[in-house]
Protein chains: 6
Amino acid sequence: MKADSLSPSDSFSHLDDAGRARMVRVTGKADQNRRAVAEGFLQLAPETVEKLRRQALPKGDVLTVAQVAGILGAKKTAELIPLCHLLPLHHVEVGLTPERDRIRIVAAAETVGKTGVEMEALTAVVVAALTLYDMCKAVDKGMSIEGVRLLKKEKESVGERTAS
Amino acid sequence: MKADSLSPSDSFSHLDDAGRARMVRVTGKADQNRRAVAEGFLQLAPETVEKLRRQALPKGDVLTVAQVAGILGAKKTAELIPLCHLLPLHHVEVGLTPERDRIRIVAAAETVGKTGVEMEALTAVVVAALTLYDMCKAVDKGMSIEGVRLLKKEKESVGERTAS
Amino acid sequence: MKADSLSPSDSFSHLDDAGRARMVRVTGKADQNRRAVAEGFLQLAPETVEKLRRQALPKGDVLTVAQVAGILGAKKTAELIPLCHLLPLHHVEVGLTPERDRIRIVAAAETVGKTGVEMEALTAVVVAALTLYDMCKAVDKGMSIEGVRLLKKEKESVGERTAS
Amino acid sequence: MKADSLSPSDSFSHLDDAGRARMVRVTGKADQNRRAVAEGFLQLAPETVEKLRRQALPKGDVLTVAQVAGILGAKKTAELIPLCHLLPLHHVEVGLTPERDRIRIVAAAETVGKTGVEMEALTAVVVAALTLYDMCKAVDKGMSIEGVRLLKKEKESVGERTAS
Amino acid sequence: MKADSLSPSDSFSHLDDAGRARMVRVTGKADQNRRAVAEGFLQLAPETVEKLRRQALPKGDVLTVAQVAGILGAKKTAELIPLCHLLPLHHVEVGLTPERDRIRIVAAAETVGKTGVEMEALTAVVVAALTLYDMCKAVDKGMSIEGVRLLKKEKESVGERTAS
Amino acid sequence: MKADSLSPSDSFSHLDDAGRARMVRVTGKADQNRRAVAEGFLQLAPETVEKLRRQALPKGDVLTVAQVAGILGAKKTAELIPLCHLLPLHHVEVGLTPERDRIRIVAAAETVGKTGVEMEALTAVVVAALTLYDMCKAVDKGMSIEGVRLLKKEKESVGERTAS
């Protein structure tokens, strides 16, 4: 896949000439394979991570609940973000890795469509982060969500074979 | 209102003794006035903030779209976060303030219920942030969501008059 | 039940002093029995009504589908209307009456809550009307939805026995 | 684009031979560019329009909230109308124009699909109208929704260049 | 149409090599016509069926409500089942047949897509069954849902003419 | 808690005198603690259960995904079942136990409200069953959902201390 253009455009595509919000017209755009990867972090106290490792991670439920929430969240993107197009997703994956004082969340989304899936990957990350937050909030009062950003965004023609 | 206890509990309330996920039983808890305030930031290039000020903020749509998305997002909290209880909200407010290289988002939520509304306030913040991200992504390729955290969480008996 | 005050207030309660949208705070308001009735019309050609009477009404499905859609729509009100509070409904009823060149739709909604249910009754009416439109659109190209308005709005204290 | 056939069919496509409701089979139909435009009106007192102009329109929020609600509503069409097919929309636009004693709402929707998008355009109109109603109901007790109808419905082959 | 392969695969496609849940990647798969038929039964007392025949079936509402719920349920499949792909359905049909001591429910679903629609057909069946249960539960305390299974699953190339 | 009355009523409460469907009025009913427990089974080949035990159960994800789906499903009950009241749930628990040739699913739901939560418990069971089915369908072509029924339904006055 080719990386999407990194040179930003000059204007806000969601605003018409009068500055009024709209859902961007993508009717004329070609259907392409689209892929995006996003990451984010739930910052927590090292003792909370420790406690998770002892009490919660052996059974695995905490991370799986967050992962399922992230996948379902990705499918709700167009419902949550008003000007976002509905894109039926062909693949979603959410991975969670506990580090010393945070849990790293990485989400990948794919579709064949007329517009990219970065909002879907980002939504999966934040919904997984909120779900973790919810499950740890009785134990840790000082958590925050940090560094939610796009890692990669790719597209390729549907027939194209050469992936980047 | 009194601030909620800040001393963390010792265990993950969403896990039963076998470490299995569940929605916590709140049946016995009293209905109380509940309030929570959360904040977060969409980090963007100073030029993007500048461009927003010139092209988008006069008309106001960009911030209003994000604000509406945040309010609707708060109402979807229990649908997005698997172990969260549905709390019919009695008030939601989302404020957005452009700063030099970021937009600050503050959300407040209120209800009368058996459990707190911090997840609703946090969800409003992240959905507003994602919506801003979506509207600015054609212009700025390096944004991130940062510092999403709870600012305040209060409860008081339904009849109680003394607010903190 | 007493009819709700008919003297309009002087300002838009959904706007704060700065003119910014918000979900109105109802935290301090008393829980009351709330009831609202709304009506509306799907205008269609007399021949379409005639055809409905012959082909569709005997079996009854067309009206029942619209009625079910209206009831489900009432339950989605707070999801559709951004600044509307979620009110768990205690009763919803949707009636459809074919007249010469239109179908009359009447919806009633009830709850015990801090704010009225007129938006729920109105939403039931328009969703039922859209559903009828959808089912008749292959047959009639000139339909319109007309006269959607509130017929009655009442509230009474929860213990109160005297209904109006 | 060509205007869709205006000659109505002879039977209700949503009913099978036994008069039972179903979602019409569109499997064999070609994917085409589809576009629809609908309009409707929220009727209100001239003083309410005046008050809106003075207090609410300068900031713009009232119209933007209704516009966002309309766009999100269009994306919920298949969830609201039981026999409607889900069509991922490629463009939605909602415009609101205050007139002397009413607000005119126009919505356009587009997709590439096997069936038309008039229900999406109509749904955007009524959800925007309900949202305006909700925001004005403290000020005006006599509003109604009127004249919700289809203005235009077009389709063209996906490759076709000649638009009407 | 050809029946889908009946020889089961050797591994759980929804688990990656580490046993972690994911939404299966279907990006590379061809778009095909997909069809599935499922059935299920609501078991009830013969007297309840009798009572339904006398009081409820003449008007038809009970069966129609369940049928509409099943159709809407099919459209919600990807929202209910976490690892399921969203498939815009091209046809859904739900039939209900009262027998001596049960009501038989059959649902068919169709799409053109990269993956099958059996989950949509099965979801339609169970949601219709739950809806019937809900409407009969005041009358019959011993109902159960039984025998929910896939009857048929087919696919064919989009151009292919020979149906099985 | 006292078991709810087991003597069935004589008529279908969801039908009015004309046999037309409606959402039953519960406005006058007292708020009570409500609890319901339901069970159901996904029937599969003994080899599939064996394979699950070896490949999927150690990590635990398959059962946790179904459990989360069931909990989220319970919260969607009023959206899925047209005439069901929305009940904000105070507790939901879903347990899954693999047996020789089936997986047993038990769900419990609780609320304080005007009507029972058996539909919520039953919905949790069937959504969990569908989710398991989805994850096992590549491996086993002969599964069915069986024996979905209510095990227990209780209510007690909100202040009442004696549980049954």
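Residues numbered from 1 in each chain as written. Chains lettered and ligands numbered in written order. Predicted model: local features only at pLDDT ≥ 70, side-chain atom pairs only at ≥ 80, totals over all residues. Heavy atoms only, no water.

- For chain A, the name recorded in an unreviewed UniProt entry is Cyclic pyranopterin monophosphate synthase, with Methylacidimicrobium tartarophylax as its organism.
- UniProt, in the comment section headed Function (unreviewed entry), describes chain A in these words: "Catalyzes the conversion of (8S)-3',8-cyclo-7,8-dihydroguanosine 5'-triphosphate to cyclic pyranopterin monophosphate (cPMP)."
- What the UniProt record of chain A gives under Subunit (unreviewed entry) is the line "Homohexamer; trimer of dimers." (UniProt positions renumbered as here; feature names shortened; annotations may be inferred.)

### Looking at the overall build of chain A
In step 1: Looking only at helices and strands, chain A features four helices and five strands.
In step 2: Ordered by position from N to C terminus, the α and β elements of chain A give β-β-α-α-α-β-β-α-β.
In step 3: With 164 residues in all, chain A has 64% of them scored as buried. (Helix = DSSP H or I, 4+ residues; strand = E, 2+ residues; numbered from the N terminus. Buried < 20%, exposed > 50% of the residue type's maximum accessible area, 1.4 Å probe, protein only.)

### Comments concerning the relation of the copies chain A and chain B
In step 1: Mapping chain A onto chain B calls for a rotation angle of 180° and an axial translation of 0.0 Å; the resulting RMSD is 0.0 Å. Here the copies are linked by what is in effect a two-fold axis. Of the C-alpha atoms belonging to chain A, the one lying closest to the rotation axis is found on A:Glu146, 2.2 Å away.
In step 2: Here 100% of the interface residues in chain A have copies in chain B that are interface residues too; the copies meet face to matching face. (Least-squares fit on C-alpha atoms with pLDDT ≥ 70 in both. Contact = heavy atoms within 4.5 Å.)

### What to know about the packing of aromatic side chains
In step 1: Summed over all chains, the structure comprises zero aromatic pairs over all chains.
In step 2: Geometry around A:Phe41 places A:Arg102 over its ring, the cationic atom sitting 3.9 Å from the centre. (Phe/Tyr/Trp six-rings, centres within 6.5 Å; stacked < 30°, edge-to-face > 60°. Lys NZ or Arg CZ within 6 Å of the ring centre and 35° of its normal.)

### Brief notes about the relation of the copies chain D and chain E
In step 1: Once chain D is rotated about the relating axis by 120° and shifted along it by 0.0 Å, it coincides with chain E to within an RMSD of 0.0 Å. The superposition of one copy onto the other is thereby described by a three-fold rotation axis. Closest approach to the rotation axis among the C-alpha atoms of chain D is made by D:Pro88, whose C-alpha sits 4.7 Å away.
In step 2: With a heterologous cut-off of 20% or less, the 11% of interface residues of chain D that recur at the interface of chain E puts this contact in the heterologous class.

### Focus on the interface of chain D and chain E
In step 1: Taken together, the contact pairs 19 residues of chain D with 19 residues of chain E.
In step 2: With both chains or domains summed, chain D and chain E bury close to 1,600 Å², and 57% of this area falls on carbon and sulfur atoms.
In step 3: For the pair chain D and chain E, the interface holds two salt bridges.
In step 4: A salt bridge links E:Glu110 to D:Arg25; the shortest N-O distance between them is 2.8 Å.
In step 5: Here chain D and chain E share 11 residue pairs in polar contact (both at pLDDT 80 or more) between them. (Buried area = accessible area lost by both parts, 1.4 Å probe. Salt bridge = Lys/Arg side-chain N within 4 Å of Asp/Glu carboxyl O. Polar contact = N/O pair within 3.5 Å; in protein donor to acceptor, adjacent residues only side chain to side chain.)

### A few points about the environment of B:Glu146
All names here are of chain B.
In step 1: Relative to the helices and strands, glutamate 146 resides in strand 5 (residues 144–157).
In step 2: Among the residues examined, glutamate 146 registers a relative accessible area of 22% and is labelled partly exposed.
In step 3: Here the alpha-carbon distance between glutamate 146 and glutamine 43, two residues 103 residues apart in the chain, equals 6.9 Å.
In step 4: Within polar-contact distance, the side chain of glutamate 146 engages the side chain of serine 144 at 2.6 Å.

### Examining the pairing of strand 3 (residues 91–98) of chain B
Residue and element names in this part refer to chain B.
In step 1: Counting buried residues along strand 3, six of its eight residues qualify, which places the element largely inside the surrounding structure.
In step 2: Here strand 3 pairs with strand 4 (residues 102–113) via eight bridges, running antiparallel. Opposite glutamate 93, over in strand 4, you have alanine 108 as the bridge partner.
In step 3: Linking strand 3 back to strand 4 in an antiparallel pair, the connection comprises three residues. (Pairing = 2+ DSSP bridges.)

### A few points about the interface of chain A and chain B
In step 1: Taken together, the 57 residues of chain A in the interface contact 57 residues of chain B.
In step 2: Approximately 4,800 Å² of surface area, both sides summed, lies buried where chain A meets chain B, with 66% of it carried by carbon and sulfur atoms.
In step 3: The three residues of chain A that bury the most area against chain B are A:Phe12, A:Leu80 and A:Leu130, which together make up 14% of that side's buried surface.
In step 4: Inspection of the chain A/chain B interface yields two salt bridges.
In step 5: Viewed at the interface, chain B and chain A are joined by 10 residue pairs in polar contact (both at pLDDT 80 or more).
In step 6: Elements supplying a minimum of two residues to the side of chain A that touches chain B: helix 1 (46–56), helix 2 (61–75), helix 3 (77–80), helix 4 (118–136) and strand 5 (144–157) of chain A.

### Remarks on the UniProt feature "active site" (unreviewed entry) in chain A
In step 1: The UniProt entry lists A:Asp134 under the feature "active site" (unreviewed entry), expressed in the numbering used here.
In step 2: Inspection of the secondary structure puts A:Asp134 in helix 4.
In step 3: On the accessibility criterion, A:Asp134 (2% relative accessible area) is buried.
In step 4: Sequence-distant contacts of A:Asp134, defined by excluding residues within four places in its chain, comprise B:His14, B:Ile81, B:Leu83, B:Cys84 and B:Met119.

### Describing the side chain of C:Thr111
Residue and element names in this part refer to chain C.
In step 1: Topologically, threonine 111 is positioned in strand 4 (residues 102–113).
In step 2: Given a relative accessible area of 0%, threonine 111 falls into the buried group.
In step 3: For threonine 111, the side chain forms a polar contact with the main-chain oxygen of proline 88, separated by 2.6 Å.
In step 4: Leaving out residues up to four positions away in the same chain, threonine 111 has contacts with Gln32, Asn33, Arg34, Leu87, Pro88, Leu89, His90 and Val117.

### Details of the environment of A:Ala129
All names here are of chain A.
In step 1: Assignment of secondary structure puts alanine 129 in helix 4.
In step 2: With a relative accessible area of 1%, alanine 129 lands in the buried category.
In step 3: In this structure, the C-alpha to C-alpha distance between alanine 129 and leucine 96, residues 33 residues apart in sequence, is 9.5 Å.
In step 4: In this structure alanine 129 touches Leu42, Ile105 and Ile145, once residues within four positions along its chain are discounted.

### Here's the deal with the pairing of strand 5 (residues 144–157) of chain D
In step 1: Examined bridge by bridge, strand 5 (residues 144–157) of chain C and strand 5 of chain D share two bridges and lie antiparallel to one another. Looking at the pairing, C:Val148 lines up with D:Ile145 of strand 5 of chain D.
In step 2: With 11 bridges connecting them, strand 2 (residues 32–43) of chain D and strand 5 of chain D associate as antiparallel partners. Paired with D:Glu39 across the bridge in strand 5 of chain D is D:Arg149.

### Concerning the confidence of the model for chain A
Residue and element names in this part refer to chain A.
In step 1: The predicted model of chain A has a mean per-residue pLDDT of 88, with 88% of residues at 70 or higher.
In step 2: Looking across chain A, the model is least confident in strand 1 (residues 2–3), with a mean pLDDT of 56, and most confident in helix 3, with 98.
In step 3: Across the whole predicted complex the pTM is 0.93, and at the interface the ipTM reaches 0.93. (pLDDT = per-residue confidence, 0-100.)

### Notes on the pattern of salt bridges
Residue and element names in this part refer to chain A.
In step 1: Throughout the structure, instances matching the rule amount to 72 salt bridges over all chains.
In step 2: In this structure, glutamate 118 engages lysine 153 in a salt bridge whose closest nitrogen and oxygen atoms are separated by 2.9 Å. A residue pair is termed long-range when its members are at least 10 positions apart, and glutamate 118 in helix 4 and lysine 153 in strand 5 qualify at 35 residues.
In step 3: On the basis of relative accessible area, glutamate 118 is assigned to the buried category, the value being 4%.
In step 4: Looking at lysine 153, the relative accessible area reads 21%, which means it is partly exposed.

### A word on helix 4 (residues 118–136) of chain B
In step 1: Taking 1.5 Å of rise per residue, the 19 residues of helix 4 of chain B would be expected to cover 27 Å, and the 27 Å separating its terminal C-alpha atoms lies within 8% of that figure.
In step 2: Summarising burial for helix 4 of chain B: 19 of the 19 residues are buried, a large majority. (Expected span 1.5 Å × (residues − 1).)

### Brief notes about the packing of helix 4 (residues 118–136) of chain E against helix 4 (residues 118–136) of chain F
In step 1: At a minimum axis separation of 11 Å, helix 4 of chain E and helix 4 of chain F run at an interaxial angle of 165°. Overall, the two elements helix 4 of chain E and helix 4 of chain F adopt an arrangement that is roughly antiparallel. Note on packing geometry: the crossing formed by helix 4 of chain E with helix 4 of chain F is right-handed. Every residue of helix 4 of chain F that contacts helix 4 of chain E at E:Met119, E:Leu122, E:Thr123, E:Val126, E:Leu130, E:Tyr133 and E:Asp134 is listed here: F:Met119, F:Leu122, F:Thr123, F:Val126, F:Leu130, F:Tyr133 and F:Asp134.
In step 2: Looking at the contact of helix 4 of chain E with helix 4 of chain F residue by residue, the classes come out as 10 nonpolar, two polar and two charged. (Axes fitted to C-alpha atoms, helices over the stretch in contact; angles between N-to-C directions. Parallel < 35°, antiparallel > 145°, perpendicular 65-115°, else oblique. Left-handed = near helix turned anticlockwise from the far one by under 90°. Nonpolar A, V, L, I, M, F, W, Y, C, P; charged D, E, K, R; others polar.)

### Section: the state of the cysteines
In step 1: If you walk through the whole model with that rule in mind, you get zero disulfides over all chains.
In step 2: There is no disulfide at B:Cys84, and the cysteine sulfur nearest it, in A:Cys136, is 14 Å away.
In step 3: We classify B:Cys84 as buried; its relative accessible area is 6%. (Disulfide = S-S within 2.5 Å.)

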